[in-house]
Amino acid sequence: MTDKFDKTPAGSPACQVSVSKGATPAPENIKAIPVRHVGRWISGVVVIGLLIALGYAFSQGNIQWHAVGDKLFDSTVVAGAGRTLLISVLAMVLGVVLGVVLAVMRLSKNPVTSWVAWLYIWFFRGTPVYVQLLLWFNLALIFPVLNIPFIYKDEMTDVMTPFMCALLGLALNEAAYMAEICRAGIQSVDEGQTEASHALGMTQGRTMRRVVLPQALRVIIPPTGNEFINMLKTSSLVYAVTYNELLRSTSQIGSTSYAVMEMLFVASIWYIVMTSVFSVGQYYLERRYARGSLRSLPLTPLQRVKANLAAFSNRPSGGVSA
């Protein structure tokens, strides 16, 4: 059975009449009504109310807020913040270097080096940082003299200065955590790349430096940034070894001026500023190393704000058209 075709010319009146009769009217604009989220508004009002109540409580407390502003950029406080930053950077650098060495030792097929690395990680992760700092600070009680034959000899009290105690205590403890982070990053690289490198004649050390570690950085960088931010705050524990960092500097001013809480607020502001600055740097560093694993990089906070503003300004005033 064959279909019958209309042989009427396209421009004929009969064709125009048939088209006009079969034409459908244009759809009307659909006016979308957003769903009301009452719970969101209630929770938002409750949170804002709690914040207002908290702010009011602090405003009514016995706090000399002018002292916070006066001492925020005091020379002693600024010098203490600089020493906090110095000890944190140096301890983190030493911790990363030693952590990479320990991670390679832990993954080694040599049972001696692997066992020594595991023992180091077990001890330094199992004892608090505060205790480790006190051990270095009181090391002269068991070793009065540091004697390295034909190289160096001196009193332990002269060697273990507050700066050295703080550096060793923070760096050696950080190395234990960085060893596990680096080990996880190294193990995230496919073993086939190591086998291919060995097939090309590359040694174990060159394979680690040229092939494995550059790819492992994508996994190592994010937790390393978190560890450094945590190091900035953990450095306040060196107060116990009389190293004159930020917390000790502000505490000394507070004890002499009787503005104890005010100076703690000053220290908190400086810690927040330093961690915020390095958090921004960590974000862009992670974004850089993510270029090889993502099809498109996520928008930066500034780009996200611009995109939201552009979408809000280009939103149609009427309903949503079909």
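The structure displayed is predicted, hence computed values, not measured ones.

Caption draft 1: Layout of unusual backbone geometry. Even without glycine at this site, F150 takes up a positive phi of about 65°. By secondary structure assignment, the location of F150 is in the loop between β1 (145-148) and β2 (152-155). Phi at Y258 takes a positive value of approximately 60°, unusual for a residue other than glycine. Here Y258 shows up in the loop between α11 (246-257) and α12 (260-289). With a relative accessible area of 75%, Y258 lands in the exposed category.

Caption draft 2: How the structure looks around the layout of surface pockets. Empty space within the largest pocket amounts to approximately 560 Å³. Lining the largest pocket are 16 residues, and of these L107, I186, T194, Q204 and M208 sit closest to its centre. Residue assignment for the lining of the largest pocket shows that the elements contributing at least two residues are α8 (162-187), α9 (191-199) and α10 (204-234). With 5 residues, the top contributor of residues to the lining of the largest pocket is α10. Broken down by class, the residue content of the lining of the largest pocket amounts to 6 nonpolar, 7 polar and 3 charged. Together, 18 residues line the second largest pocket, and I221, T224, G225, F228 and L285 are the ones closest to its centre. Elements with a minimum of two residues in the lining of the second largest pocket: α4 (75-106), α8, α10 and α12.

Caption draft 3: Layout of a nonpolar patch on the surface. Among the surface-exposed residues, V112, W115, V116, W118, L119, W122, F123, V131 and L135 lie close enough to one another that they form a single nonpolar patch of about 900 Å² accessible area. Residue assignment for the nonpolar patch shows that the elements contributing at least two residues are α5 (111-126) and α6 (129-137). Considering every element that reaches the nonpolar patch, the biggest residue donor is α5, with 7 residues. Topologically, W115 is positioned in helix α5.

Parameters at a glance
- Residues numbered from 1 in each chain as written.
- Predicted model: local features only at pLDDT ≥ 70, side-chain atom pairs only at ≥ 80, totals over all residues.
- Heavy atoms only, no water.
- Helix = DSSP H or I, 4+ residues; strand = E, 2+ residues; numbered from the N terminus.
- Buried < 20%, exposed > 50% of the residue type's maximum accessible area, 1.4 Å probe, protein only.
- 1 Å grid on protein atoms, 1.4 Å probe; cavity = no way out; pocket = protein on both sides within 12 Å on 5 of 7 lines; lining within 4 Å.
- Points joined across faces, edges and corners; volume = space filled by probe spheres on them.
- Nonpolar A, V, L, I, M, F, W, Y, C, P; charged D, E, K, R; others polar.
- Patch = residues over 30% accessible without salt bridge, like charges linked within 9 Å, V, L, I, M, F, W, Y side chains within 5 Å.
- Areas by Shrake-Rupley, 256 points an atom, 1.4 Å probe, with all protein chains shown as cover.
- Salt bridge = Lys/Arg side-chain N within 4 Å of Asp/Glu carboxyl O.

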